[in-house]
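Secondary and tertiary structure notes
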Amino acid sequence: MREKRNIGYVLLPVVLCAGLIGGVFIGRFVEQRRVSPSQEKVHRILDLIESQYVDEIDIDSLLEASIPDLLTSLDPHSAYIPASDLKQTNEELEGSFGGVGVSFQIINDTVNVIEVVSGGPAEKVGLLPGDKIIEAGGKQLSGAKATNEDVFSTLRGKEGTKVNIKVKRSSSKSLLEYEIVRGEIPSNSVDAAYLMSDNKTGYIKVSKFARTTYSEFLNALTNLKEKGATGYMVDLRNNSGGYMDQAIFMANEFLPSGEMIVYTKGRTPENETIAISDGTGGFQDADITVLTNEFSASASEIFAGAMQDNDRGVVIGRRSFGKGLVQNQTELPDSSAIRLTVARYYTPSGRSIQKEYSRGRDGKYELDIVDRFNHGEFYSQDSIKFDQSKKFSTVGGRTVYGGGGIMPDIFVPEDTTGYTSYYIEAVNKGLIQKFCHEMSEKYRPLMKEKTLAAMNRIVPREDSLLSLFVDWAATQGLPARWYYINQSRDLLLNQLRAVLARDLVGYDAFIEILNERDATVKKAQEIMMSGKSKEMLKADQSKTAKDDKTK
């Protein structure tokens, strides 16, 4: 023991000396790296502005305004997040936030409670759907042109903190006052999950890829399986992405062991990854379709690409956004952050689906969706022109293309059936929401249970409901034009029933009714019920096997 201690004492001066010398060299190297000619130029410019510019300038504010421009000159997805926005930005993906637990809609400058989170702080003190929040935290929210941001800033807050609110309820002549202790409110990313009319297909709508998305998704799969689902329709339309690992976990549920899900390539080893399925997924034999559109991006495209390239599921809808860049978020000392693109991701066939872009913001990238619309892509698959040099093959031998999003196996055009000037004006003026809000106020006390069946028993149906809306809309400045109303009849009724269901039953019911006339959902259900989805994939695989034997 003494001998070891002596060796330590002998080596200590040597180690200290070596550390000192090394520190000098490292310091010089870091200093050289830190102050390059370009950086020295920037420092000099800032010094000149601060000391000699004609007006006094806050250099920190100048830098705050300049950093976003610096990052947007790199690629379309690297971004700067100011400290004031970082918390709310993170909350959207972290899966929960501190708040009172209500969803709301501002109608006629009044904050109307649409839904109260079950078991949340607001429900515990007695808030009800239909209540109107007049004041929160001493801030007037009624009749003062309140914005969504105003409501968020007053109702959200740190868990355990209190907020006093005043609400108006139809059954009370005076305002009701509540003290609510804010709690953890889950920010769900699975918006809806229900068993479809065939009693075999489970529909799951995923709105984003947050920290809790996989666990929510797995719960939805399991619950639907218990109800009898043998196949699943995963709706990723308008899902702009989020955490890549959640998409990987979701894909793993459907793939056998050893199948590639996604891989990334960057400049440094830590940004190069590969994800392979481990065979633990509980739904490897289930039929699956994936719904996409032009706003399905990033993690949505990872999931869709994994299903398509492994010939595991059929992708239905329209071409996805085309975001194949991976960002890492780094928080800065002042609690702001940057999201810097560090890699590109590739689907199992080896394709990058990132659409083309030029460094810097020239406007073309942002207008790509508009260009697709103008070129007719929303309505015709033939209008899409793929680069033949970016042709790849799936496991089963199907041809897929890189360089611009995931192209669905079955194209479904945008459905504008029923769009008339009457319908568009009703939507633009928010009349459907306002009418349904008044209706829900009338029928909510009669609802014995929060189910579609209960709603259908008490709310007028079909032409009676439509006539009530048309008469009411006329009092709001939208005259009845029955030629156009009849053309929009099915669309108007579907929208009216869906919004009423949202207000009286919940968001699941809202989505379920909207899906009744959704062309993409109907096509996917038709494919699954007929067994054609599995037939399509098996046909491709057998064709490839036959071609291999021929060779």
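Definitions and limits used
Residues numbered from 1 in each chain as written. Predicted model: local features only at pLDDT ≥ 70, side-chain atom pairs only at ≥ 80, totals over all residues. Heavy atoms only, no water. Helix = DSSP H or I, 4+ residues; strand = E, 2+ residues; numbered from the N terminus. Contact = heavy atoms within 4.5 Å. pLDDT = per-residue confidence, 0-100. Pairing = 2+ DSSP bridges. Buried < 20%, exposed > 50% of the residue type's maximum accessible area, 1.4 Å probe, protein only. Lys, Arg positive; Asp, Glu negative; His and termini not counted. Salt bridge = Lys/Arg side-chain N within 4 Å of Asp/Glu carboxyl O. Polar contact = N/O pair within 3.5 Å; in protein donor to acceptor, adjacent residues only side chain to side chain. Expected span 1.5 Å × (residues − 1). 1 Å grid on protein atoms, 1.4 Å probe; cavity = no way out; pocket = protein on both sides within 12 Å on 5 of 7 lines; lining within 4 Å. Points joined across faces, edges and corners; volume = space filled by probe spheres on them. Nonpolar A, V, L, I, M, F, W, Y, C, P; charged D, E, K, R; others polar.

Take Thr110: it is sitting in strand β4 (residues 110-116). The spacing of Thr110 and Lys145 is 35 residues in sequence and 8.2 Å in space, taken between C-alpha atoms. In contact with Thr110, not counting residues within four places along its chain, are Gln105, Lys132 and Ser142.

What follows deals with the confidence of the model for the protein. On average, residues of the protein carry a pLDDT of 86, and 90% of them reach 70 or more. Low pLDDT (under 50) marks residues 1-33, which in the prediction has 1 contact with non-local residues, meaning those over four places away or in another chain. Throughout residues 542-551 the model reports pLDDT below 50, and contacts reaching past four residues in sequence, or to other chains, amount to 2 contacts.

Next up on the list: the sheet that holds strand β15 (residues 287-292). Across the sheet, which stays open at both edges, the 6 strands sit in the order β10-β11-β12-β15-β16-β21 with mixed pairing between neighbours. On the outer flanks of this sheet lie β10 (190-195) and β21 (410-411), each paired with one strand and no other. Across 2 bridges, the pairing between strand β16 (residues 314-317) and β21 is parallel. In the sheet register, Gly317 faces β21, and the bridge partner there is Phe411.

Let us look at the side chain of Asp198. With respect to the helices, strands and loops of the structure, Asp198 is situated in the loop between β10 and β11 (201-206). Put simply, Asp198 is tucked away with no salt bridge, and the nearest opposite charge, on Lys200, sits 7.7 Å away. Here Lys200 takes part through its backbone nitrogen, which lies 2.9 Å from a polar atom of the side chain of Asp198. Looking at Asp198, its side chain comes within polar contact range of the side chain of Thr201, at 2.6 Å. Setting aside its immediate chain neighbours within four residues, Asp198 contacts Gln525 and Met529.

Counted at 1.5 Å a residue, the expected span for helix α16 (residues 489-504) with its 16 residues is 22 Å, and the 22 Å between its end C-alpha atoms agrees. The buried count for α16 comes to 13 of 16 residues, which makes it a mostly enclosed element.

The next point concerns empty space enclosed by the protein. One pass over the full model with this rule turns up 2 cavities of 30 Å³ or more. Surrounding the second largest cavity, Ile114, Glu115, Val116, Pro129, Lys450, Arg502, Asp503, Leu504, Val505 and Gly506 form its lining. Of all elements in the fold, only β4 and α16 reach the threshold of two or more residues within the lining of the second largest cavity. When its residues are assigned to classes, the lining of the second largest cavity shows 5 nonpolar, 1 polar and 4 charged.

As a further point, take the layout of surface pockets. Taken as a whole, the second largest pocket encloses approximately 810 Å³ of empty space. Looking at the lining of the second largest pocket, its residues break down into 14 nonpolar, 8 polar and 9 charged.

The next subject is the environment of Val206. Relative to the elements of secondary structure, Val206 occurs in strand β11. Taking the relative accessible area as the measure of exposure, Val206 reaches 0% and is therefore buried. When sequence neighbours within four positions are dropped, the list of residues in contact with Val206 reads Ser189, Val190, Thr213, Phe217, Asp235, Leu236, Asn239 and Met250.

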